[in-house]
Amino acid sequence: MSDLVVVAFDDETTAARVREKLEQMDKDYLVGLEDLVTVVRTSDGKVRMKQSVSLVGGGALSGTLWGFIFGLIFLVPLAGAAIGAGLGALMGKLTDIGIDDKFIKSVGHTIEPGSSAVFMLIKDVTPDKFLREMSDYRGTIIQTSLSEEDEAKLRSAFEEE
């Protein structure tokens, strides 16, 4: 079972730095991320979201391949590839895996203008190393699905002075 952790930061750039750190930790097998999203609420109140995986690009690529294969069967490989790419991109855009986009946007509108947040869907973690790495960043825990004990440890890592 995965755990959701949402942390807000007082500026627009910290969430991006945390995202880079989490991506590196994922590569180093210190944390297993199912989804990772950053949200920035600009000073004018607009909410910008950055997903960890572009489903549109992946859908277009696989659609191109399958469209090309079906196009070969019907002797129109280029048309098949073009149609497949379009349908694949559309399916990628309509597919929502991981953290619900509506939830992310609603939380994004609750953080202060000029701030940011990171949304983590964590499937596994090396707790001591994760907490040590996250203690470099000062943030406020907005929501978690962790146990009370684990949430307290996480809060102390982010809020420690």
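Here the structure is a predicted model, which means the values were calculated and not measured. Going along each chain's sequence as written, the residues are numbered from 1 onward. The model is predicted, so local features are restricted to residues of pLDDT at least 70 and side-chain atom pairs to those at 80 or more, both for listing and for counting; the totals for chains, interfaces and linings are taken over all residues. Derived side-chain values reflect all non-hydrogen atoms in the structure, with water molecules and hydrogen atoms excluded from consideration.

Visitor: Honestly, the sheet that holds strand β1 (residues 3-9) in this entry has me stumped. Any pointers?
Guide: Strand pairs in the sheet, formed through backbone hydrogen bonds, run parallel or antiparallel to each other. Pairing is antiparallel in the open sheet, where five strands are placed in the order β3-β2-β4-β1-β5. A single partner strand is all that each edge strand has here, and the edge strands are β3 (47-51) and β5 (140-144). Here the average twist between neighbouring strands, direction ignored, is 20 degrees. Here, any two strands with at least 2 DSSP bridges between them count as paired. Put simply, DSSP marks the helices as runs of H or I at least four residues long and the strands as runs of E at least two long, and each gets a number from the N terminus on. Sheet topology places β1 next to β5; four bridges connect them, and they run antiparallel. Looking across to β5, one finds that V6 is bridged to Q143. Sheet strands touched by helix α1 (residues 14-27): β1, β2 (31-41), β3 and β4 (115-125). Its angle to β2, the strand with the most contacts, is close to 170 degrees. In this description, contact between two residues means that some pair of their heavy atoms is separated by no more than 4.5 Å. In this analysis, axes come from line fits to C-alpha atoms, helices being fitted only over the stretch in contact, and the angle between any two N-to-C directions falls in the range 0 to 180 degrees. Those strands touched by helix α4 (residues 101-108) are β1, β2, β3, β4 and β5, and its axis lies near 140 degrees from that of β3.

Visitor: What should I look at first to understand the nonpolar core in this one?
Guide: Generally speaking, nonpolar side chains in soluble globular proteins are found buried as a group. For the purposes of this section, nonpolar cores are sets of buried Ala, Val, Leu, Ile, Met, Phe, Trp, Tyr and Cys residues that join through side-chain atoms within 4.5 Å. Whether a residue is buried, partly exposed or exposed follows from its accessible area with a 1.4 Å probe, protein chains only, as a fraction of its type maximum: under 20%, in between, or over 50%, in that order. Formed by 20 residues in total, the largest nonpolar core has its most connected members in L22, V118, M120 and F130. At the level of elements, β1, α1, β2, β4, α5 (127-134) and α6 (148-159) are the ones that each hand at least two residues to this core. Broken down by element, this core gets its largest block of residues, four residues, from α1. Setting aside its immediate chain neighbours within four residues, L22 contacts V31, L33, L36, V118, M120, F130 and M134.

Visitor: How should the packing of α5 against α6 be read in this particular structure?
Guide: For any two helices packed against each other, the geometry comes down to the angle between their axes and how far apart the axes lie. Following both chains from N to C, one finds α5 and α6 inclined at 30 degrees, their axes separated by 8 Å at the closest point. With respect to α6, the element α5 is oriented roughly parallel. Counting all contacts with α5, which are made through F130, L131 and M134, the residues of α6 involved are K153, L154, A157 and F158. In this classification, the charged set is Asp, Glu, Lys and Arg, the nonpolar set is Ala, Val, Leu, Ile, Met, Phe, Trp, Tyr, Cys and Pro, and all remaining amino acids, among them Gly, are polar. Partitioned by chemical class, the residues of the contact of α5 with α6 number six nonpolar, no polar and one charged. Roughly parallel covers angles under 35 degrees, roughly antiparallel covers those over 145, roughly perpendicular covers 65 to 115, and oblique covers all other angles.

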